[in-house]
Amino acid sequence: MAKNKLRRFDEMKEMSHVFEPTIAFTKTEKWPLKGKWAAEFFKNDHPIVLELGCGKGEYTVGLARKYPEKNFIGVDIKGARMWVGAKSAQEEGLKNVVFLRTKIDFIEAFFGAGEIAEIWLTFSDPQPQKPRKRLTSAYFIQKYREILVTGGIVHLKTDSDLLFEFTEEEIKTHGYKVNHLTWDVYRDLSTFDEDTQAVLAIKTHYESLFSEKGAVIKYTQFNIH
Ligand SMILES: C[S@@+](CC[C@H](N)C(=O)[O-])C[C@H]1O[C@@H](n2cnc3c(N)ncnc32)[C@H](O)[C@@H]1O
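What is the right way to read the packing of helix 1 (residues 3-13) against helix 5 (residues 79-92) from this model?
To describe two helices that pack against each other, one gives the angle between their axes and the distance between the axes. Across the interface, helix 1 lies against helix 5 with an axial gap of 9 Å and an inter-helix angle of 55°. One element, helix 1, and the other, helix 5, form an angle in the oblique class. Pair helix 1 / helix 5 crosses with left-handed handedness. On helix 5, the residues that touch Lys5, Arg8, Phe9, Glu11 and Met12 of helix 1 are Gly79, Ala80, Trp83 and Ala86. For the contact of helix 1 with helix 5, a count of residues per class yields five nonpolar, one polar and three charged.

This is the structure we're talking about:
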């Protein structure tokens, strides 16, 4: 493995805001912070927002800067990418940021019923061959339903026509309540309030890559129960 990657992995082991649970916590053991993240880790009663498939965690860190009165947890399976966000949070002294390295498939092992207020899906893999693995499939939405508070919000920001079209179909099929949906978020930016405009202007690593290639960025926000 590259030296740089190993150094990042070593550094993350020392970070108290990075959790890299073993597979046992998804199978046989109970995650000690499940249902208790706010009270026992963040030491507050603030709402918790997840970024699933966070990569370098631009939304996790960007939202944490903007909303100190909320807690943010970035989830991804790739540690070297996650290090970028974890390091920024550490250097900036952000106390409302955690990174959790695990598969999203196991998400309900780490959070209790109603523990999560919002979920951000940022430039999720479109999974052209495997619709079930798309992060807005019924398979994943069922998992989100287990951990989201009633009225909790799912946000999707993506470059992918395939994923966005699929998500629109899922919304219709399952009757999720749409708060916003645009096939061109930057064209329609002025239709959002100022706060939301600032949030939507946060750019992730993948967004920058896709935008350079001329991709149009899409956004939807919906409730699943
Ligand atoms: C296309 S990248 C986007 C990363 C970041 N959100 C961005 O916009 O730059 C998708 C990310 O989702 C993560 N991912 C995809 N499926 C996952 C899963 N089932 N569990 C955990 N992470 C997953 C990948 O490791 C990758 O970092």
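So that's the structure; there's more coming.
Where do I start with the site of the ligand in this structure?
In the vicinity of the ligand, 19 residues are found, and the nearest of them are Gly53, Gly55, Phe123, Thr204 and Tyr206. Here the shell around the ligand gets three residues from one element, more than from any other, and that element is helix 9 (residues 205-212). Per-class residue counts for the shell around the ligand are five nonpolar, six polar and eight charged.

Sorry if this is basic, but what is going on with the sheet that holds strand 8 (residues 218-223) here?
On the basis of which strands lie adjacent, the open sheet formed by eight strands has the order 1-4-3-2-5-6-8-7 and mixed pairing. With partners counted over all chains shown, the strands left at the sheet margins are strand 1 (18-19) and strand 7 (177-182), one partner each. Here strand 2 (residues 48-52) runs beside strand 3 (residues 71-76); their pairing, made up of five bridges, is parallel. From the neighbouring strand, Leu52 faces strand 3, where its bridge partner is Val75. The sheet strands contacting helix 5 are strand 1, strand 3 and strand 4 (97-101), and the helix crosses strand 4 at an angle near 165°. Across the sheet, helix 6 (residues 138-147) is in contact with strand 5 (116-122) and strand 6 (148-158); its angle to strand 6 comes to roughly 140°.

Sorry, what's going on with the packing of helix 4 (residues 58-66) against helix 5 here?
Orientation of helix 4 relative to helix 5, taken along the N-to-C sense of each, is 20°, at an axis distance of 9 Å. Judged by the inter-axis angle, helix 4 sits roughly parallel to helix 5. Touching Thr60, Val61 and Ala64 of helix 4 are Gly85, Ser88 and Ala89, all from helix 5. Along the lines of polarity and charge, the residues of the contact of helix 4 with helix 5 split into three nonpolar, three polar and no charged.

Here is what the cut-offs are and how they apply
Residues numbered from 1 in each chain as written. Predicted model: local features only at pLDDT ≥ 70, side-chain atom pairs only at ≥ 80, totals over all residues. Axes fitted to C-alpha atoms, helices over the stretch in contact; angles between N-to-C directions. Helix = DSSP H or I, 4+ residues; strand = E, 2+ residues; numbered from the N terminus. Parallel < 35°, antiparallel > 145°, perpendicular 65-115°, else oblique. Left-handed = near helix turned anticlockwise from the far one by under 90°. Contact = placed C-beta atoms within 7 Å. Nonpolar A, V, L, I, M, F, W, Y, C, P; charged D, E, K, R; others polar. Near = placed C-beta within 6 Å. Pairing = 2+ DSSP bridges.

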